[in-house]
Amino acid sequence: KWARGTHNFGHGFQFGALVGIMFGVGLNLIFMATSAYMTTSGHIIDGIFNIIAHGLAGGAIALVHSRFGE
């Protein structure tokens, strides 16, 4: 339902980036509050990396689904 019947890289990237925001940034906020192994800027950069990585994974999944899916 997210892609409304079309599965392309852009829709997959959007959904993956949303997942990256929820999980990656959320976990980094928890880690930043409870530990001191990285600086604040390190947590911010890691959050941005998580958004991009999850977005690329979502885009790849969407491409594979459009090629081999229903």
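Our structure is the block above this text.
Residues numbered from 1 in each chain as written. Predicted model: local features only at pLDDT ≥ 70, side-chain atom pairs only at ≥ 80, totals over all residues. Heavy atoms only, no water.

### What about the overall build of the protein chain?
Our working definition: Elements are defined by DSSP. Helices are runs of H or I of four residues or more, strands are runs of E of two residues or more, and each kind is numbered from the N terminus. Note that the radius of gyration is over C-alpha atoms, with the globule rule given as 2.2 Å times the number of residues to the power 0.38. Buried, partly exposed and exposed residues are distinguished by accessible area as a fraction of the type maximum, computed with a 1.4 Å probe on protein chains only: under 20%, between the cut-offs, and over 50%, respectively. Note on areas: Shrake-Rupley with a 1.4 Å probe; residue coverage comes only from the protein chains shown.
What the protein chain contains, in helices and strands, is two helices and zero strands. Taken against the 2.2 N^0.38 rule, which gives 11 Å for 70 residues, the C-alpha radius of gyration of the protein chain at 15 Å runs more than 25% over that of a compact globule. For the C-alpha atoms alone, the extent of the protein chain along its principal axes is close to 45 × 15 × 15 Å. Counting only residues that meet the buried cut, the protein chain has 23% of its 70 residues in that class. With the model as given, the accessible surface of the protein chain reaches about 5100 Å², and the carbon-plus-sulfur share is 73%.

### Some points on a nonpolar patch on the surface
Convention followed: Exposure above 30% relative accessible area and no salt bridge define the residues that can form patches, which grow by joining like charges within 9 Å and nonpolar side chains of Val, Leu, Ile, Met, Phe, Trp and Tyr within 5 Å. Salt bridges are defined as contacts in which a side-chain nitrogen from Lys or Arg sits within 4 Å of a carboxyl oxygen from Asp or Glu.
On the surface, F9, I44, I48, I52, L56 and L63 cluster together into a nonpolar patch covering about 540 Å² of accessible area. Mapped onto the secondary structure, L56 falls in helix α2 (residues 40–68).

### Examining α2
To keep things clear, this is the line we draw: To estimate the expected span of a helix, count its residues, drop one, and scale the result by 1.5 Å. Contacts were defined at the residue level, with two residues in contact if any of their heavy atoms lie within 4.5 Å.
A rise of 1.5 Å per residue sets the reference length of α2, with its 29 residues, at 42 Å; its end C-alpha atoms lie 42 Å apart and thus fit the reference within 8%. Among all positions in α2, only G42, H43, G47, N50, G55, G58, G59 and A62 are buried. Those residues of α2 that are buried are in contact with α1 (9–34).

Function cannot be inferred from these measures alone, as they are strictly geometric.
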